[in-house]
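Close look at the chain arrangement
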Amino acid sequence: MREDIMSAIQCIGILTSGGDSPGMNAAIRAVTRAALQHSMTVKGIYHGYKGLITNQVVNFQTRDVSNIIQRGGTILRTARCEEFRTPEGRKKAYECLQEHGINALVVIGGDGSLTGARIFAQEFNFPIVGLPGTIDNDLYGTDVTIGYDTALNTIMECVDKIRDTATSHERLFFIEVMGREAGFLALNGSIASGAEAAIIPEISSQRDQLSDMIEHSFNTSKTSSIVLVTEGEITGGGAAGVAERVKKEYPQFDVRVSILGHLQRGGSPSAQDRILATRMGVAAIDALLDDQRNVMIGIHNDTIVHVPFSKAIKNIKSINTDIMRALEIVSK
Ligand code: F6P
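The rules behind the values
- Residues numbered from 1 in each chain as written.
- Predicted model: local features only at pLDDT ≥ 70, side-chain atom pairs only at ≥ 80, totals over all residues.
- Heavy atoms only, no water.
- Buried < 20%, exposed > 50% of the residue type's maximum accessible area, 1.4 Å probe, protein only.
- Helix = DSSP H or I, 4+ residues; strand = E, 2+ residues; numbered from the N terminus.
- Axes fitted to C-alpha atoms, helices over the stretch in contact; angles between N-to-C directions.
- Parallel < 35°, antiparallel > 145°, perpendicular 65-115°, else oblique.
- Left-handed = near helix turned anticlockwise from the far one by under 90°.
- Contact = heavy atoms within 4.5 Å.
- Nonpolar A, V, L, I, M, F, W, Y, C, P; charged D, E, K, R; others polar.
- Salt bridge = Lys/Arg side-chain N within 4 Å of Asp/Glu carboxyl O.
- Near = heavy atom within 4 Å.
- Polar contact = N/O pair within 3.5 Å; in protein donor to acceptor, adjacent residues only side chain to side chain.
- Areas by Shrake-Rupley, 256 points an atom, 1.4 Å probe, with all protein chains shown as cover.

Here helix α7 (residues 184-193) lies mainly inside the structure; eight of its 10 residues are buried. All of the buried residues in α7 are Phe 184, Leu 185, Ala 186, Leu 187, Asn 188, Gly 189, Ser 190 and Ser 193. Looking at the residues trailing α7, positive phi occurs at Gly 194, about 70°.

What follows is the structure, given as structure tokens:
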């Protein structure tokens, strides 16, 4: 079977799509070099799916991916492409793949990018393997995603710095982190930086975390406190929304807000992200050679796994309650 497929897949395309994440370059490097080792031709597609619609495709040799493992962002650039959501846009993308003789695609991106990959693969019966590239860590079926560890480290370093001024001024800081509708960055960022609490979407939909926190768990002997809040409406409007509420309902606190924003997406990838991206990149080519289609490469208990797109995208990855409990215990 493998031999047949090897001859069927002679040319692969790689693209990065959606929000960038540290480690995407390490993944591009690994995919390219693994494919070249199997005598495939490699095409780099610029600007995500948009590059397929506008024909931004270049040949990649091993030297094209030299000296990039340590770089943040993505050398292929990235985009969120509205046109790819339409059947006309996807048809143009398919024609571009045909024109370049590309037989299979490796898509590196998050939820939205893999959703696009799934639709396209079904529509044109085209082999695609996905790699989970997002700082949000919100893809089901993989313990971690490429970029998550680096973003967590960035958050930790920022919060360490904010703590200095929070302590000096005896203030309550609400620090907003990314994550879209997932609280992994806020929760684990809180543990890593010794923050007093995390307000995350997974819990916000069940109970009022702010009043719980202030009335039950806030240690009144503490003169300053730090709370990490996941961005977005579910947490009550992110850090700014929560802070507004505190000012009205608990005026005894001297409140400040800090929004970490896009600096969480940048920077040189951590060792963990480089290793993860490299393993996953090699696994993507192995998967294509083993006739795997429509799967995302994941990692579970340090073992590479193949997760059908349908599961990776549709299933909700839940927050580990042990981690929540640990935060509650150590922040008292
Ligand atoms: O999905 C990654 C992510 O960084 C989210 O955490 C965030 O909500 C979003 O992308 C921001 O997207 P953009 O860079 O397009 O504003």
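That covers the picture; the talk isn't over yet.
Attention shifts here to the packing of α7 against helix α13 (residues 321-330). Where α7 meets α13, the axes come as close as 10 Å, and the angle between the chain directions of the two elements is 40°. In terms of their interaxial angle, α7 and α13 are classed as oblique. You can see that α7 and α13 cross each other, and the crossing is left-handed. Residues Leu 187, Asn 188, Ser 190 and Ile 191 of α7 touch α13, and the partners they reach there are Ile 323, Met 324, Ala 326 and Leu 327. Each residue belonging to the contact of α7 with α13 can be placed in one class, and the counts come to six nonpolar, two polar and no charged.

A few words on the pattern of salt bridges. As enumerated under the stated definition, the model contains 14 salt bridges in all. Among the ionic pairs, Arg 171 bridges to Asp 254, the shortest N-O distance being 3.1 Å. Taken together, the residues span a long stretch of sequence, with Arg 171 in the loop between α6 (148-169) and β6 (172-177) and Asp 254 in the loop between α10 (238-249) and β9 (255-259) at a distance of 83 residues. On the accessibility criterion, Arg 171 (16% relative accessible area) is buried. Residue Asp 254 is classed as partly exposed on the basis of its relative accessible area of 34%. Bridged by salt links that share partners, the residues Arg 171, Asp 254 and Arg 256 form one connected network.

Let's shift gears to the site of the ligand. The environment of the ligand is made up of Arg 80, Asp 136, Met 178, Gly 179, Arg 180, Glu 231, His 262 and Arg 265. Side-chain polar atom of Arg 180 to an oxygen atom of the ligand: 3.3 Å apart, as the coordinates give it. Contacts to the ligand include Glu 231, whose side-chain N or O atom sits 2.6 Å from an oxygen atom. Contact with the protein chains covers 74% of the free accessible surface of the ligand, which is 400 Å². Taken together, the residues of the shell around the ligand sort by class into one nonpolar, two polar and five charged.

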